[in-house]
Amino acid sequence: MDTTVRNVAVCSIGATAMVGTGPIDQSFVRDLADDERGQALVQSIITLSHNLGYRVVAEGVETAAAAAILADLECEEAQAY
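Worth saying up front: this structure is predicted, and the values here are computed from it rather than measured.

Colleague: Hey, could you run me through the sheet that holds strand β3 (residues 77–79) in this one?
Modeller: Two modes of strand pairing occur in sheets, parallel and antiparallel, and in both the strands are linked by backbone hydrogen bonds. Within the open sheet, the 3 strands sit side by side as β1-β2-β3. Their pairing is parallel. For this open sheet the edge positions go to β1 (21–24) and β3, each flanked by a neighbour on one side alone. Each neighbouring strand pair of the sheet contributes to a mean axis angle of 25 degrees, computed without reference to strand direction. Bridge analysis of strand β2 (residues 55–59) against β3 gives 3 bridges, and the strand direction is parallel. From the neighbouring strand, Ala-58 faces β3, where its bridge partner is Ala-78. Helix-sheet contacts for helix α3 (residues 36–51) involve β1 and β2, and the interaxial angle to β1 is about 170 degrees.

Here it is as structure tokens:
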């Protein structure tokens, strides 16, 4: 995982620690159906968020395929862009 992706993922979760939700930025969701590495990264973000006791909200969910993948990964909420 490159440094930028790691930093974004950590900041995404850390920035919302006070409110109990872990957002997944639309940049991770946009090509989710066609990106196995992206799915692995999103699964890791969801798992980390759940382990920290946070609900997960995916942002920029625009397709049924992405919504289905996120549901399978146990993402609690999805928001369209």
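Colleague: Help me understand the nonpolar core, please; the structure alone is not making it clear to me.
Modeller: Side chains of a nonpolar character, in soluble globular proteins, are inclined to be buried together. Counting residues in hydrophobic clusters, the biggest one holds 16 residues, and the most contacted among them are Ile-24, Val-29, Val-42, Ile-46, Ala-58 and Leu-70. The set of elements that each furnish at least two residues to this core consists of α2 (26–29), α3, β2 and α4 (64–72).

Colleague: What am I meant to see in the pattern of salt bridges here?
Modeller: When the charged atoms of two side chains lie near each other, side chains of opposite charge can form a pair. Within this structure, the stated rule accounts for 1 salt bridge. For Glu-77, the salt bridge is made with Arg-55, and the minimal N-O distance between the two is 2.2 Å. Separated by 22 residues along the polypeptide, Glu-77 in strand β3 and Arg-55 in strand β2 bring together distant segments of the chain. For Glu-77, a relative accessible area of 32% corresponds to the partly exposed category.

Definitions and cut-offs
Residues numbered from 1 in each chain as written. Predicted model: local features only at pLDDT ≥ 70, side-chain atom pairs only at ≥ 80, totals over all residues. Heavy atoms only, no water. Pairing = 2+ DSSP bridges. Helix = DSSP H or I, 4+ residues; strand = E, 2+ residues; numbered from the N terminus. Axes fitted to C-alpha atoms, helices over the stretch in contact; angles between N-to-C directions. Contact = heavy atoms within 4.5 Å. Core = buried A, V, L, I, M, F, W, Y, C linked by side-chain atoms within 4.5 Å. Buried < 20%, exposed > 50% of the residue type's maximum accessible area, 1.4 Å probe, protein only. Salt bridge = Lys/Arg side-chain N within 4 Å of Asp/Glu carboxyl O.

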